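Understanding the architecture of this molecule
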Amino acid sequence: MLSERRLEVLRAIVQDYVGTEEPVGSKALTERHSLGVSPATVRNDMAALEEEGFIAQPHTSAGRIPTDKGYRLFVDKLTAVKPMSGPERRAIHNFLDGAVDLDDVVGRTVRLLAQLTRQVAVVQYPSLTRSTVRHVELLSLAAARLMLVLITDTGRVEQRMIDCPAPFGETSLADLRARLNSRVAGRRFADVPQLVQDLPESFDAEDRGTVSTVLSTLLETLVEETEERLMIGGTANLTRFGHDFPLTIRPVLEALEEQVVLLKLLGEVNDSGMAVRIGHENAHEGLNSTSVVSVGYGSGGEAVAKLGVVGPTRMDYPGTMGAVRAVARYVGQILAES
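Below: a short report on this structure. (Residues numbered from 1 in each chain as written. Predicted model: local features only at pLDDT ≥ 70, side-chain atom pairs only at ≥ 80, totals over all residues. Heavy atoms only, no water.)

**Some points on the sheet that holds strand β10 (residues 305-312)**
The five strands are arranged β7-β3-β10-β9-β8 in an open sheet whose pairing can be described as antiparallel. In the strand order of this sheet, the two ends are held by β7 (230-233) and β8 (275-278), each with one partner. When strand polarity is set aside, the average angle formed by the axes of neighbouring strands in this sheet is 15 degrees. With four bridges connecting them, strand β3 (residues 120-124) and β7 associate as antiparallel partners. Of the residues in β7, the one forming a bridge with V122 is I232. (Pairing = 2+ DSSP bridges. Helix = DSSP H or I, 4+ residues; strand = E, 2+ residues; numbered from the N terminus. Axes fitted to C-alpha atoms, helices over the stretch in contact; angles between N-to-C directions.)

This is the structure in structure tokens:
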């Protein structure tokens, strides 16, 4: 284990390198930070940190820079993330509050995260596998034609047209609507098939065909919509960090184009706490020079999706983690109110 003093030296190196983009020397450290020891002691501490792989010398006669291992220890030992200021919190709230539907919420969240962190923002759409049914609306369009509208707890709305095998009257439609909602409203998608399987039998013989058609359309909609979707923004921000990527930025950009890679990057939704993956901790080779900060968001304390940012390992971790967490909290509030 590192002594508290060496941990202080590592913290100072990370802060200076993130702030200045320049390798950090012992003289600069003692001038900029009140470490309470001589430059010679700081030099010894830096030699020990280098030997243990927490910092490295990028080229001869230069200062030192943190390694992936150094950043990892820095993040693990963070006692607090940087809180958003009052004006920042109000700006987040006002910007997200104007959203008109789920696509708008996701789009605004991506833009906001990219602006706040100046990194690449990735936001996963609420997954319907973890969603619950808020309401199923059935509307009559013609004697034998209906519209099914599925509304989820996360504000997603899906519409489907249904051609019925026989005319279906308003009384029967109202009855089906009421019985269907009494079974599925507030229930998880995964539970719906079992909840409705015996519903057709409770209707008169002449209506059973239509009830079965409506139910099969509902179940198809639930299955179709479980495909994961996400939105990405702020890719141009990476061009500001050209020198942070050892050879070229291309592998990073190529990795960001692959949705499967990004979904893996954000991690499992049920692991909804703050996750920080640094450099080579990212399984995809193209992202070995990046860090990913992600967290779950959702309404009512349960995560339904993830959001996060991708940037160079030379990242303001406390600030980025604070911004990601604050935005996730506000998006959760909006979903809960929608």
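**So, the sheet that holds strand β6 (residues 157-163)**
Pairing in this open sheet of three strands is antiparallel, and the strands run β4-β5-β6 from one edge to the other. Of all the strands in the sheet, just β4 (133-142) and β6 have a single pairing partner and so form its edges. Adjacent strand axes in the sheet meet at a mean angle of 20 degrees, parallel and antiparallel pairs treated alike. Sheet analysis places β4 next to strand β5 (residues 145-152), joined by eight bridges and oriented antiparallel. Within the sheet, the bridge partner assigned to V136 lies in β5 and is L150.

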